[in-house]
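# Chains, contacts and geometry: an overview
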Amino acid sequence: QVQLVESGGGLVQAGGSLRLSCAASNSRSDFSLNAMGWYRQAPGRQRELVATITSGGSTNYKDSVKGRFTISRDDAKNTVYLQMNSLKPEDTGVYYCNARMGWRTYEYTYWGQGTQVTVSS
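Parameters at a glance
Residues numbered from 1 in each chain as written. Predicted model: local features only at pLDDT ≥ 70, side-chain atom pairs only at ≥ 80, totals over all residues. Heavy atoms only, no water. Helix = DSSP H or I, 4+ residues; strand = E, 2+ residues; numbered from the N terminus. Contact = heavy atoms within 4.5 Å. Core = buried A, V, L, I, M, F, W, Y, C linked by side-chain atoms within 4.5 Å. Buried < 20%, exposed > 50% of the residue type's maximum accessible area, 1.4 Å probe, protein only. Disulfide = S-S within 2.5 Å.

## Focus on the environment of L82
- Relative to the helices and strands, L82 resides in strand 8 (residues 79–84).
- Linking L82 and C22, residues 60 residues apart in sequence, is a C-alpha distance of 8.7 Å.
- Those residues in contact with L82 that lie beyond four places of it in its chain are L18, R19, L20, W38, V50, A51, F69, T70, I71 and Y95.

## Re the nonpolar core
- Residues W38, L82, M84 and Y95 are the most contacted members of the largest nonpolar core, which totals 23 residues.
- Contributing elements (two or more residues each) for this core: strand 3 (18–26), strand 4 (32–41), strand 5 (48–54), strand 7 (69–74), strand 8, strand 9 (93–103) and strand 11 (115–120).
- If sequence neighbours within four positions are ignored, Y95 has contacts with E6, L20, W38, Y39, R40, V50, F69, L82, M84, G114, T115 and V117.

## A closer look at the state of the cysteines
- Enumeration over the complete set of coordinates arrives at one disulfide.
- Between the sulfur of C22 and that of C97 lies a disulfide, 2.0 Å long from S to S. Here C22 and C97 share a disulfide; its torsion about the S-S bond, -85°, makes the bridge left-handed. You can see C22 sitting in strand 3 and its partner C97 sitting in strand 9, a full 75 residues away along the chain. Just as C22 is buried, C97 falls in that class too.

Written out as C-alpha cells, the structure reads:
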C-alpha cells in the first residue's frame, strides 16, 4: 500500500511563506518512486500542476510560481517539500501531493488528501 500524507498548509498574509511536506509510505519494496509533485485546486477551477521533481532531481514549475516556489526531496525520509515564498492571494487553494510509482513495466499514480493554503490580501 502507498500512502501520501501532506502537512504545512495554513493561512498566511500576502508576501509570506509556507513550507509544505509530503511523507510517502510504501509497503511494497518492489515499487520504485519515479517522480513526485504538487498540484493545487482553487474553488471553481481545475486542478493544475505546481511543481514536480523526478528521481533524478529534475524539476518543473508552473510559470506563475517560478522564482517563488522550490520543490525538493529528502530521500532518507521519503519526503517531498514545497517551499513557497512571496505568496500571493492567487496561490490560494488545496494543494495535493502526487507520486508516480513504478512496478515492473507499469506505472501508478497516487494522491494525498490535500492541505489547504490560504493567502490573504
